[in-house]
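Summary of the model geometry
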Amino acid sequence: MTGTVLKYDGSFQGFLTCIFTGYEQKLQVVEIVPAGEDQQQLFSETQIIIADEQKALRVLKGLKAKVSTNTMTRINWAFLSEAPGIEMKLYNMISYIFSTKEKVDTDYSHPSVLYISNIAKQVGREKHRMEAFVRFRLTKDDIYFAIIEPDFNVLPIILKHFKSRYADQKWLIYDIKRKIGLYYDLYKTEYVSMELPEDIGISGGNPEYFEAGEIYFQKLWKEYFDSTNIKSRVNMRLHVQHVPKRYWKYLSEKSPFA
Amino acid sequence: MDFDRIKEKLNILADAAKYDVSCSSSGSKRTNTKKGLGDSSGMGICHSYTQDGRCVSLLKILLTNHCIFDCAYCVTRKSNDIKRAAFKVQEVVDLTISFYRRNYIEGLFLSSGIFKSPDHTMERLISVAKKLRLEENFNGYIHLKSIPGASDELMREAGLYADRLSVNIEIPTKSGLKLLAPDKKHEDFMKPMEKVKNEIIQYKAESKLIKSTPKYAPAGQSTQMIVGATGESDRDIMYSSAFFYKNYNMKRVYYSGYVPISTDPRLPAIGTQVPMLRENRLYQTDWLMRFYGFDIRELLNDQNMHLDMEIDPKLSWALRNRHLFPMDVNRIEKQQLLRVPGIGLKSANKIVQARKFRKLNWEHLQKIGISTNRAKYFITCDSREKELRDLSSEHLKQLILKTSHSKFRTDLSPQLSLF
Ligand code: SF4
């Protein structure tokens, strides 16, 4: 037997519980995988970890004493990247942090610290993009509705932004990749799962679902966007650098229909 | 809403407003209170980008493009034969709210041609902002143009509803202004700026004593200068800019390469290239002045009236001051690190953090993200490999040019990361 593989439920709490267990039982952890995914290590013992709030909190508390709030955020964001093997990278970084007396969370010459910092930056960028590119459409039942398809699982970290900005309107942001939505009903937000009709589209204002004026606002926005361009300054390369083509689908001002 | 009519107005009045390059929506700290709409306490967000690579973050329009003045450099000038239009106050309010609720924008940037009188125009601009704040409970970003010549009382009121106020100086020299806008007086620009500056200072002092003091233009003032319309030197432009930063506590000065829009013989002919590279170099210089601790006189002076277009102003400065280099990255202060070509604000911070743990060598520096292909000629680190340094500055410049990325030469925009 060489080391232990930990299987957990895929939640952040579950992951923190893995760390707790690894330390408590002095395991030589070689892999941490979400349930449902195949492990790479064939000749290791596998242990199933059940998420435990108390254990997770203790890990968080221990971490808080040794790292800055920025690093706490980075750890959380890196986790949401869902990158294959991200759990072990985090595990290595956290072990390094716990194993040294000094604060080492900004030691960028350590490979895991640098890796986590970089991947957290990518997640941060995706968060920022979604905050920018979400396009709400007003539905017939008075909900501002948007579809996203983010590279990373950013719903939990864009929540705060939208909640404080759109406090007086109902809204729903739906991640079609992960099939989960975030709904705000004027009082609280909650995660919802639902089936979307196929013809709802990522932009446009199908009158079956959307309020009658909706399509006109998209047209006005496109009109605005077109008028604000200065032809003698066009620079498509720079343009694509700012908004990579895969994000264009969100932006109704770039769609040909309007 | 009559969509077709609104669409036509939007077309005319957005088109006329686009030459104002400012699109910033940050620095306001206005939070959403009482469950209203919007919040501008964070960083500004670009919700889209135009094809010329500019950030779209605000609904930027004129209230009207009717104007009683005839400034040569402006599309809205009286003598120009163009379609004119005017929004009603309520139309601007509705459009702003509908766009904001759909997450298209961070807020409104409202400017205007001057109809009837400066005060009359300013009053209308204020009433849009007032309606948004008081009737719609809107906490998004509002940028109003201060109309040159508007009264002190109106400027005072404007700041109570707007996050930012700006007067565009447009022409960096007095002589240029006289040539191109003879019916406008230099003082007309300065007066509202002065008033806003003083109000900001006063409100800040009061809010320290009395918590409930209302906000006054929390994101400050900005201005814009047109580049390349009157034959001014880079030194003229940047000295004016330094003057505005210092004397009017400007948050930002924008530089806008002149887009030829007129056959007026006093101006560059239609079809003349927009000086985008020059504009970019000016922004870099502005950055060095505000964040890198450079005094503008180090970068531009009697011997150096113009910026080097081939290389960025920091490298250009370093090549003129070779006696200060090489510096030892493991020892020098952060302020010195910032003066090294190839080291930016972020990498300077990272170096300061990382060198606490170990002496840094080339490999560390590369991972941290400094651009070693230029920095290597100006620094030493914990490594025996060193670059030849007995090259002449001109030779060194050619060497760096040969190896530097094309982004320094082709993609030029004020919003590009700068070093
Ligand atoms: S006053 Fe303003 S809008 Fe009117 S012509 Fe001059 S710059 Fe243009």
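Definitions and cut-offs
Residues numbered from 1 in each chain as written. Chains lettered and ligands numbered in written order. Predicted model: local features only at pLDDT ≥ 70, side-chain atom pairs only at ≥ 80, totals over all residues. Heavy atoms only, no water. Helix = DSSP H or I, 4+ residues; strand = E, 2+ residues; numbered from the N terminus. Buried < 20%, exposed > 50% of the residue type's maximum accessible area, 1.4 Å probe, protein only. Areas by Shrake-Rupley, 256 points an atom, 1.4 Å probe, with all protein chains shown as cover. Lys, Arg positive; Asp, Glu negative; His and termini not counted. Charge placed at Lys NZ, Arg CZ, Asp CG, Glu CD. Domains from an automatic or database assignment. Contact = heavy atoms within 4.5 Å. Buried area = accessible area lost by both parts, 1.4 Å probe. Salt bridge = Lys/Arg side-chain N within 4 Å of Asp/Glu carboxyl O. Phe/Tyr/Trp six-rings, centres within 6.5 Å; stacked < 30°, edge-to-face > 60°. UniProt positions renumbered as here; feature names shortened; annotations may be inferred. Nonpolar A, V, L, I, M, F, W, Y, C, P; charged D, E, K, R; others polar. Pairing = 2+ DSSP bridges. Expected span 1.5 Å × (residues − 1). Near = heavy atom within 4 Å. Axes fitted to C-alpha atoms, helices over the stretch in contact; angles between N-to-C directions. Core = buried A, V, L, I, M, F, W, Y, C linked by side-chain atoms within 4.5 Å. Parallel < 35°, antiparallel > 145°, perpendicular 65-115°, else oblique. Left-handed = near helix turned anticlockwise from the far one by under 90°.

Moving on, we come to the overall build of chain A. When its secondary structure is counted, chain A shows eight helices and eight strands. By its C-alpha atoms, chain A is 65 × 45 × 35 Å across when sized along the principal axes. In chain A, which comprises 258 residues, the share counted as buried stands at 53%. For chain A, the exposed area adds up to about 12400 Å²; of that, 54% sits on carbon and sulfur atoms. Side-chain charges of chain A comprise 35 positive and 32 negative groups, with the mean position of each set lying 8 Å from the other.

Interface size, as often reported, equals the accessible area lost upon joining of the parts. Residues and elements named next belong to chain B. Taken domain by domain, chain B holds domain 1 (3-299) and domain 2 (313-418). Centre-to-centre separation of domain 1 and domain 2, based on C-alpha positions: 36 Å. Contact with domain 1, which involves 19 residues of that partner, is made by 16 residues of domain 2. Summed over both sides, the interface of domain 1 with domain 2 buries roughly 1700 Å², with 60% coming from carbon and sulfur. Its largest share of buried area at the contact with domain 2, domain 1 owes to Asn280, Tyr292 and Phe294, together 30% of the area lost on that side. For the pair domain 1 and domain 2, the number of links is one salt bridge.

Inspection of every chain in the model, using the stated rule, returns 31 aromatic pairs over all chains. Note on Trp221(A) and Phe99(B): the rings are 5.3 Å apart at their centroids and 80° apart in plane angle, and the pair reads as edge-to-face. Of the two residues, Trp221(A) sits in helix α7 (residues 214-227) while Phe99(B) sits in helix α2 (residues 89-101), which places them in two different chains. Residue classification places Trp221(A) among the buried positions, given a relative accessible area of 0%. Since its relative accessible area comes to 0%, Phe99(B) is described here as buried. Between Tyr100(B) and Phe138(B), the ring centres sit 4.9 Å apart and the planes meet at 85°, which makes this aromatic pair edge-to-face.

Sequence positions flagged by UniProt for "domain: Radical SAM core" (unreviewed entry) are, in local numbering, residues 62-199 of chain B. Its end C-alpha atoms 25 Å apart, residues 62-199 of chain B is made of 44% helix and 10% strand.

Here we come to the interface of chain A and chain B. Listed per partner, the contact involves 57 residues of chain A and 60 residues of chain B. Carbon and sulfur atoms supply 56% of the area buried between chain A and chain B, which totals about 5500 Å² over both sides. When residues of chain A are sorted by the area they lose upon contact with chain B, Arg165(A), Tyr224(A) and Arg233(A) head the list and together hold 16% of the total. Our count for the contact surface shared by chain A and chain B stands at three salt bridges. In this structure, the salt-bridge partner of Arg101(B) is Asp168(A), at a minimum N-O distance of 3.0 Å. Those elements that provide at least two residues to the side of chain A that touches chain B are α5 (111-133), α6 (155-165), α7 and α8 (236-242) of chain A. Taken together, the residues of the side of chain A that touches chain B sort by class into 27 nonpolar, 17 polar and 13 charged.

The next point concerns the sheet that holds strand β5 (residues 143-148) of chain A. Spatial strand order, β4-β5-β6-β7-β8 (chain A): five strands in an open sheet with mixed pairing. Pairing within the sheet leaves two strands with one partner each, and these edge strands are β4 (137-138) and β8 (189-192) of chain A.

Looking now at α7(A). Between its first and last C-alpha, α7(A) extends 20 Å over 14 residues, near the 20 Å set by a 1.5 Å rise per residue. With 11 of 14 residues buried, α7(A) is to be regarded as a mostly interior element. The set of residues buried in α7(A) consists of Glu214(A), Ile215(A), Phe217(A), Gln218(A), Leu220(A), Trp221(A), Lys222(A), Glu223(A), Tyr224(A), Phe225(A) and Ser227(A). Buried residues along α7(A) sit in contact with β4 of chain A together with α1 (3-15), β1 (48-49), β2 (55-56), β3 (58-62) and α2 of chain B.

Right, let's talk about the site of the ligand for a bit. Every residue lining the ligand is accounted for by Cys67(B), Phe69(B), Cys71(B), Cys74(B), Thr76(B), Arg77(B), Gly113(B), Ile114(B) and Lys184(B). Considered class by class, the residues forming the shell around the ligand number five nonpolar, two polar and two charged.

Residues and elements named next belong to chain B. In this structure, the amide linkage connecting Phe325 to the following residue, Pro326, adopts the cis form with an omega of 0°. Here Pro326 shows up in the loop between α10 (313-320) and β9 (327-328). Even without a glycine there, the phi angle at Asn103 is positive, about 65°. Within the fold, Asn103 resides in the loop between α2 and β4 (107-111). Residue classification places Asn103 among the buried positions, given a relative accessible area of 0%. Even without being a glycine, Asn137 presents a positive backbone phi close to 55°. Along the chain, Asn137 turns up in the loop between α3 (118-134) and β5 (141-145).

This part covers the domain arrangement of chain A. One can read the domain layout of chain A as domain 1 (1-66), domain 2 (71-132) and domain 3 (134-254). If you average the C-alpha positions of domain 1 of chain A and of domain 3 of chain A, the two centres end up 37 Å apart.

Residues and elements named next belong to chain A. Sheet architecture is open: three strands sit in the order β2-β1-β3, paired in parallel fashion. The two strands at the open ends of the sheet, each matched to only one other strand, are β2 (29-34) and β3 (45-48). When strand polarity is set aside, the average angle formed by the axes of neighbouring strands in this sheet is 25°. Pairing of strand β1 (residues 4-8) with β3, which is carried by four bridges, proceeds in the parallel orientation.

Ile61(B), Tyr255(B) and Phe378(B) are the most contacted members of the largest nonpolar core, which has 158 residues in total. Broken down by element, the residue count for this core peaks at seven residues, all from α2(B). Not counting chain neighbours up to four residues away, the residues in contact with Phe378(B) comprise Leu315(B), Ala318(B), Leu319(B), Arg322(B), Phe325(B), Pro326(B), Met327(B), Val340(B), Pro341(B), Leu396(B) and Ile400(B). Counting 33 residues, the second largest nonpolar core, distinct from the first, contains Tyr8(A), Phe15(A), Tyr108(A) and Val113(A).

Turning to the packing of helix α4 (residues 152-161) of chain B against helix α6 (residues 186-209) of chain B, a few remarks are in order. All names here are of chain B. Between α4 and α6, the shortest axis-to-axis distance is 9 Å and the interhelical angle comes to 50°. Between α4 and α6, the crossing angle belongs to the class labelled oblique. Considering only the axes of α4 and α6, their crossing is right-handed. Only Lys191, Pro192, Lys195, Val196, Glu199 and Tyr203 of α6 make contact with α4, whose side of the interface consists of Asp152, Met155, Arg156 and Leu160. For the contact of α4 with α6, the class distribution of residues is five nonpolar, no polar and five charged.

The next subject is the pattern of salt bridges. In this structure the tally under the stated criterion is 30 salt bridges over all chains. Lys195(B) is paired through a salt bridge with Glu199(B); the nearest N and O atoms lie 2.9 Å apart. Within this pair, Lys195(B) and its partner Glu199(B) are both found in helix α6, separated by four residues, close to a single helical turn. Each member of the pair, Lys195(B) together with Glu199(B), is buried. Among the charged side chains, a network of salt bridges with common partners joins Glu82(A), Asp175(A) and Arg178(A).

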